[in-house]
Each structure stands twice: as structure tokens, then as C-alpha cells.
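What the coordinates show
Residue-level listing of the chains:
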Amino acid sequence: QIRAMAANTGDEFNLCWTMVGDGVATIIASFFGSPWGMTVFIGHGAFKAMGAQVGYSAMTGVAFIIVCWSGLSSVVLSIFPAEVLNPIILYVGLVVCVEALEITPPRHWPAFCVALVPGFFNW
């Protein structure tokens, strides 16, 4: 999906190398206890419009390391409780869903909507 969004902005990436890079980074992150995929960023078009390049991804990684290893995440969560952050995450998720529907053939929309149901009930 994110590769297709990048293609919509004129950037074609090799699917094989994209998946290999994502897999290797996820394996490395798992050694540090992360259960999530690490390299694919959502919002490629917005980043490109801002003029971001590879340095943006590198600085994001550095910022995550600083926040996680320094204990700043606890400070952030004490200032901004989860109840404040959840609507922001929901908004970002809905924006991603809109972008996904733009590249998804209409015949797959019902399956897409059904896939959202567990997330809404869990929220």
C-alpha cells in the first residue's frame, strides 16, 4: 500500500528490495524488543511535498533512539496521557485508510471495511 502511495507521487521503488529492507530492519528492531515493522513510513506524498529526503528517515530513527533510550517516553506519557494521544492516532489511521481506498479497486472495499471492524471495537 505505501509503495503504491509512493508510486502515485512519481517514485517507483523495487518491491523486493523494499520488503528485504523492511524485514531486516524489523529483525534488528526485534532484538531490542519491538514487535512492529520499522522502515515503511506512511505519508510519502506529504514528506515529498515538504522536501524531505533520506535524511528525514535517518533523523526520525535518531529521534526514536533518543526518546526510547533516555526515558523521555515516560515523560511524554506523563504530560500527554493516552486518552489525549488516542484521537490523534485514530485521525492518522483514518487518513491512511482514505489513502488506501484511493489505490484499492472498488471491488475490494467491502473486505477493507470489514477489516476495520476489530480496530473500531477494540478502541
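Placed above this text is the structure.
Here's what I pulled together on the structure shown here. From a predicted model like this one, the values you see are computed outputs, not experimental measurements.

Turning next to the overall build of the protein. Scanning the protein from terminus to terminus reveals seven helices and zero strands. Along the protein, helices and strands appear, N-terminal first, in the series α-α-α-α-α-α-α. In terms of principal-axis extent, the alpha carbons of the protein reach across some 45 × 35 × 30 Å. Contacts in the protein between residues at least 24 apart in sequence constitute 48% of all its contacts with a sequence separation of at least 6. By element, 73% of the accessible surface of the protein is carried by carbon and sulfur atoms, the whole surface being about 9400 Å².

Summed over the entire model, instances satisfying the criterion amount to one aromatic pair. Both rings, one in F32 and one in W69, keep their centres 5.9 Å apart while their planes meet at 45°; by these two values the pair is tilted. In this pair, F32 is assigned in the loop between α2 (15-31) and α3 (44-49) and W69 in helix α4 (residues 54-70), connecting sequence segments 37 residues apart. For the pair shown, F32 and W69 are each scored as exposed.

If you check α2, its first and last C-alpha atoms are 25 Å apart, about what 17 residues at 1.5 Å a residue would give, namely 24 Å. With a side-chain oxygen lying 2.8 Å from the backbone nitrogen of C16, the N-terminal cap of α2 falls on N14. In the segment just after α2, G33 is the residue with positive phi, at about 95°.

So, about the state of the cysteines. Summed over the entire model, instances satisfying the criterion amount to zero disulfides. Counting only cysteine sulfurs, C113 is the nearest neighbor of C97, a cysteine outside any disulfide, at a range of 8.9 Å.

The end-to-end C-alpha distance of helix α7 (residues 109-122), which contains 14 residues, comes to 21 Å, matching closely the 20 Å that a straight helix rising 1.5 Å per residue would cover. Here α7 lies mainly on the outside; one of its 14 residues are buried.

Attention now goes to the packing of helix α6 (residues 82-103) against α7. Between α6 and α7, the least distance of the axes is 12 Å, while the angle of their chain directions is 170°. In terms of their interaxial angle, α6 and α7 are classed as roughly antiparallel. In this structure, α6 uses L90, L94, C97, A100 and L101 to contact α7, whose residues at the interface are W109, F112, L116 and F120. Residues of the contact of α6 with α7, tallied by class, amount to nine nonpolar, no polar and no charged.

Moving on to a nonpolar patch on the surface. Together, M59, V62, I66, V67, L72, V75, V76, I79, F80 and V84 make up an exposed nonpolar region whose accessible area comes to about 840 Å². Counting only elements with at least two residues in the nonpolar patch, the list comes to α4 and α5 (72-79). Locating V76 in the fold gives a position in helix α5.

Here is what the cut-offs are and how they apply
- Residues numbered from 1 in each chain as written.
- Predicted model: local features only at pLDDT ≥ 70, side-chain atom pairs only at ≥ 80, totals over all residues.
- Heavy atoms only, no water.
- Helix = DSSP H or I, 4+ residues; strand = E, 2+ residues; numbered from the N terminus.
- Contact = heavy atoms within 4.5 Å.
- Areas by Shrake-Rupley, 256 points an atom, 1.4 Å probe, with all protein chains shown as cover.
- Phe/Tyr/Trp six-rings, centres within 6.5 Å; stacked < 30°, edge-to-face > 60°.
- Buried < 20%, exposed > 50% of the residue type's maximum accessible area, 1.4 Å probe, protein only.
- Expected span 1.5 Å × (residues − 1).
- Polar contact = N/O pair within 3.5 Å; in protein donor to acceptor, adjacent residues only side chain to side chain.
- Disulfide = S-S within 2.5 Å.
- Axes fitted to C-alpha atoms, helices over the stretch in contact; angles between N-to-C directions.
- Parallel < 35°, antiparallel > 145°, perpendicular 65-115°, else oblique.
- Nonpolar A, V, L, I, M, F, W, Y, C, P; charged D, E, K, R; others polar.
- Patch = residues over 30% accessible without salt bridge, like charges linked within 9 Å, V, L, I, M, F, W, Y side chains within 5 Å.
- Salt bridge = Lys/Arg side-chain N within 4 Å of Asp/Glu carboxyl O.

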